[in-house]
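Architecture and fold: a report
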Amino acid sequence: MTIESLLPIPDIFSAKRILCIQPHYDDNDIAAGGILTQLAKNGAELFYLTATNDLMGIVDTSLSDEEAANALKRDQFAAGKIVGVKEQSWCGYPDAGDYNYFDLRPDFLKHIRMFKPDFVFAPDAWLTYEGHRDHIQTGLAAAEAVMFAGLTKIASSDPEVDSGYEGHSIQGIALYFTREPNTIADVTSTWEEKIAAVKCYKAQFDPEGMEQLVFALDMKSQQVAQGQSFTRGEPLKVLHPRALHCGI
Ligand SMILES: [Zn+2]
């Protein structure tokens, strides 16, 4: 027995049902659109859950909140078609607003107990120099919901879901937007689809902003693939749920 054999890095390529929890409409696709497209092609079902209403980053500020929400959803569905997302859900908390971590966790628990994913994707809450609370709170609440999904004394936001939940096994959590990856996913073959999906988010990026984002993603994907046998990568920290507590 070795220490590594106790908690091996979970194999994301074995994933069959993936819940991707994101702060804003575009984070899953920007950070992990390549690997998620690949996993969908491999037969995994993708469920996206968006924590906030994302209304603060709208380019056209003349839109009403309702019009902006429609534009965001239009973009998200277009991107989801390319990536292969099966279902989109939203919590609707105010973007960059006054909500807290304990608001998010019951909603995330509900969706984990409802969809019964074998893998969860979420932002890395421990990313150094992450200043956006939506990202930190979403990442933390997602990690804790993964750890606590089986503890049914911890209530979700839906008693009906809790009463019908009999537990299930979550193999791992894949943290994206991370500076400490233990997995570089080969996304060479799905890069075009990832970029096409990111370019759908027109309500949040003007043409110049989109050009800069695509350039940055392009450079980063090649940088993280250096030394690998492929040319484009997405960095992930993939952890067994037990590895999320106490570091042993
Ligand atoms: Zn975001």
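Residues numbered from 1 in each chain as written. Predicted model: local features only at pLDDT ≥ 70, side-chain atom pairs only at ≥ 80, totals over all residues. Heavy atoms only, no water.

Turning to the side chain of D162, a few remarks are in order. When you line up the elements, D162 lands in helix α6 (residues 159-164). At a separation of 2.8 Å, a polar atom in the side chain of D162 contacts the side chain of S156. (Helix = DSSP H or I, 4+ residues; strand = E, 2+ residues; numbered from the N terminus. Polar contact = N/O pair within 3.5 Å; in protein donor to acceptor, adjacent residues only side chain to side chain.)

What follows concerns helix α2 (residues 27-41). Helix length check: α2, at 15 residues, gives a terminal C-alpha distance of 20 Å against a target of 21 Å (1.5 Å per residue), a fit within 8%. Buried residues dominate α2, accounting for 14 of its 15 residues. Positive phi shows up at G43, right after α2, with a value of about 110°. (Expected span 1.5 Å × (residues − 1). Buried < 20%, exposed > 50% of the residue type's maximum accessible area, 1.4 Å probe, protein only.)

Another aspect to go through is the pattern of salt bridges. Should the charged atoms of two oppositely charged side chains come close, the side chains can pair. For the structure on display, the rule yields 9 salt bridges. D75 is the salt-bridge partner of R74, the closest N and O atoms lying 3.1 Å from each other. Where R113 meets D162, a salt bridge forms, and the shortest distance between an N and an O atom there is 3.0 Å. Of the two residues, R113 is situated in helix α4 (residues 101-115) and D162 in helix α6; the sequence distance between them amounts to 49 residues. For R113, a relative accessible area of 2% gives the class buried. Look at the salt bridges and you will find they share partners, linking R17, E45 and K86 into a network. (Salt bridge = Lys/Arg side-chain N within 4 Å of Asp/Glu carboxyl O.)

Looking at the secondary structure, you find A78 in helix α3 (residues 65-83). Its relative accessible area of 32% is what places A78 among the partly exposed residues. The spacing of A78 and D26 is 52 residues in sequence and 11 Å in space, taken between C-alpha atoms.

Core analysis: the biggest nonpolar cluster contains 42 residues, and I18, I35, L36 and F121 have the highest contact counts within it. Here this core gets 7 residues from one element, more than from any other, and that element is α2. If near-sequence neighbours (up to four positions away) are discounted, I18 is found in contact with L36, L39, A44, E45, L46, F47, P117, D118, F119 and F121. (Core = buried A, V, L, I, M, F, W, Y, C linked by side-chain atoms within 4.5 Å. Contact = heavy atoms within 4.5 Å.)

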